[in-house]
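Now for the letters of each chain:
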Amino acid sequence: MGAPITLYVDSLFLSPYAMSVYVALTEKQLPFEVRPIDLSAGEQRMQPFQCRALTARVPALTHADFNLTESSVIAEYLDEAFPAPGHAALFPSGIHERARARQLQAWLRSDLAALRQERPTETVFYGETGQPLSDAAHAAAAKLIQVANHLIGVDQTTLFDAWCIADTDLAVMLKRLAHDDLPDTLRAYADAQWQRPAVQKWLEHNAAAR
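Residues numbered from 1 in each chain as written. Predicted model: local features only at pLDDT ≥ 70, side-chain atom pairs only at ≥ 80, totals over all residues. Heavy atoms only, no water.

Q: I would appreciate a short explanation of the pattern of salt bridges in the present structure.
A: Close approach of charged atoms allows side chains of opposite charge to pair. Summed over all chains, the structure comprises nine salt bridges. A salt bridge links Arg196 to Glu27, with the shortest nitrogen-to-oxygen separation between them at 2.8 Å. Here the residue Arg196 occupies a position in the loop between α9 (184-194) and α10 (197-209), and Glu27 occupies one in helix α1 (residues 16-27), the gap between them amounting to 169 residues. Residue Arg119 is joined to Asp180 by a salt bridge in which the shortest nitrogen-to-oxygen separation is 2.9 Å. Of this pair, Arg119 sits in the loop between α5 (113-118) and α6 (121-126) while Asp180 sits in the loop between α8 (165-175) and α9, and the two are 61 residues apart along the sequence. (Salt bridge = Lys/Arg side-chain N within 4 Å of Asp/Glu carboxyl O. Helix = DSSP H or I, 4+ residues; strand = E, 2+ residues; numbered from the N terminus.)

Q: How should I be thinking about the nonpolar core in this particular structure?
A: Across soluble globular proteins, you tend to see nonpolar side chains buried next to one another. Core analysis: the biggest nonpolar cluster contains 59 residues, and Leu144 and Leu170 have the highest contact counts within it. Leave out the neighbours within four places in its chain, and Leu170 touches Leu104, Leu108, Leu144, Ala148, Ile152, Leu159 and Tyr189. (Core = buried A, V, L, I, M, F, W, Y, C linked by side-chain atoms within 4.5 Å. Buried < 20%, exposed > 50% of the residue type's maximum accessible area, 1.4 Å probe, protein only. Contact = heavy atoms within 4.5 Å.)

Q: Would you take a moment to explain helix α7 (residues 135-151) for this structure?
A: Each α-helix turn comprises 3.6 residues. Residues three or four places apart therefore point the same way. The end-to-end C-alpha distance of α7 is 25 Å, a good match for the 24 Å that 17 residues give at a rise of 1.5 Å each. Every buried residue of α7 is accounted for by Ala137, Ala140, Ala141, Leu144, Ile145 and Ala148. Angular distribution of buried residues about the axis of α7 spans 135°; they occupy a single face of the element. Opposite the buried face of α7, by more than 90 degrees, sit the exposed residues Asp135, Gln146 and His150. Check the buried side of α7 and you find it contacts α4 (95-110), α5, α8 and α9. (Expected span 1.5 Å × (residues − 1). Arc of directions from axis to C-beta.)

Q: Explain the sheet that holds strand β3 (residues 60-63) here, please?
A: Note on sheets: strands pair through backbone hydrogen bonds, and any given pair is parallel or antiparallel. Taken in spatial order, the four strands make up an open sheet running β2-β1-β3-β4, and their pairing is mixed. The two strands at the open ends of the sheet, each matched to only one other strand, are β2 (33-37) and β4 (66-69). For this sheet the average axis-to-axis angle between neighbouring strands, irrespective of direction, equals 20°. In this sheet, β3 lies alongside strand β1 (residues 5-10) in antiparallel orientation, the contact comprising four bridges. Across the sheet, the residue bridging to Ile5 is His63, located in β3. (Pairing = 2+ DSSP bridges. Axes fitted to C-alpha atoms, helices over the stretch in contact; angles between N-to-C directions.)

Q: Got a minute to help me understand helix α3 (residues 71-81) in this structure?
A: Burial in α3 covers these residues: Ser71, Ser72, Ile74, Ala75, Leu78 and Asp79. Looking straight down α3, one finds that the buried residues subtend no more than 155° of arc, so they occupy a single side. Packing partners of the buried residues in α3 comprise α1, β3, β4, α4 and α8.

These results come straight from atomic positions and should not be treated as a statement about function.
Below, the structure written as structure tokens:
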């Protein structure tokens with residue numbers, strides 16, 4: 001039996017980054033324990049969580065006596081600690097495709113702030129429509145659609161030949177526009193990602209936490 005793995009997530013299961021790591025662990029079929037952290041109560045700044053999370057953020061991963069935060073880094077760690085073919089790959093095998101997947105992950109986490117603010121994950125998981133987008137959020141949405149249209153073609157359900165963790169991250173961002181103008185090709189891609197069993201398991205947690 002391998003070393004125990006614990007994933008710390010927000011107690012409402014609303015964090016897209018916690019979702020990304022949850023999906024990564026589930027796709028790799030690794031046994032892990034989920035421990036919710038109450039962010040509204042400031043539990044992320046309290047012990048014992050803070051000693052396990054260097055940056056006091058969720059998600060956080062504990063693998064045996066090793067602790068790690070930041071979702072994209074956790075995914076890279078999991079792919080190296082539990083490589084294919086024994087476990088599902090989280091990133092493409094080709095160097096260029098792998099770099100593109102990591103580029104997309106980094107971009108989705110560092111840009112589009114206005115869209116993330118005006119279409120928070122309550123839009124994604126609760127179906128909330130929100131107010132009309134501001135000019136800044138419209139610009140962010142247009143940029144997202146431009147990038148996604150470059151990467152996703154008609155009837156394309158994954159970014160590359162096989163699924164990778166960047167597919168989950170992109171689908172979450174596109175789902176923020178579920179009640180806005182989203183091209184049919186991108187809507188179909190996001191919906192296909194939403195049907196993955198690993199994503200459906202996260203949605204079950206989210207529904208139970210409401």
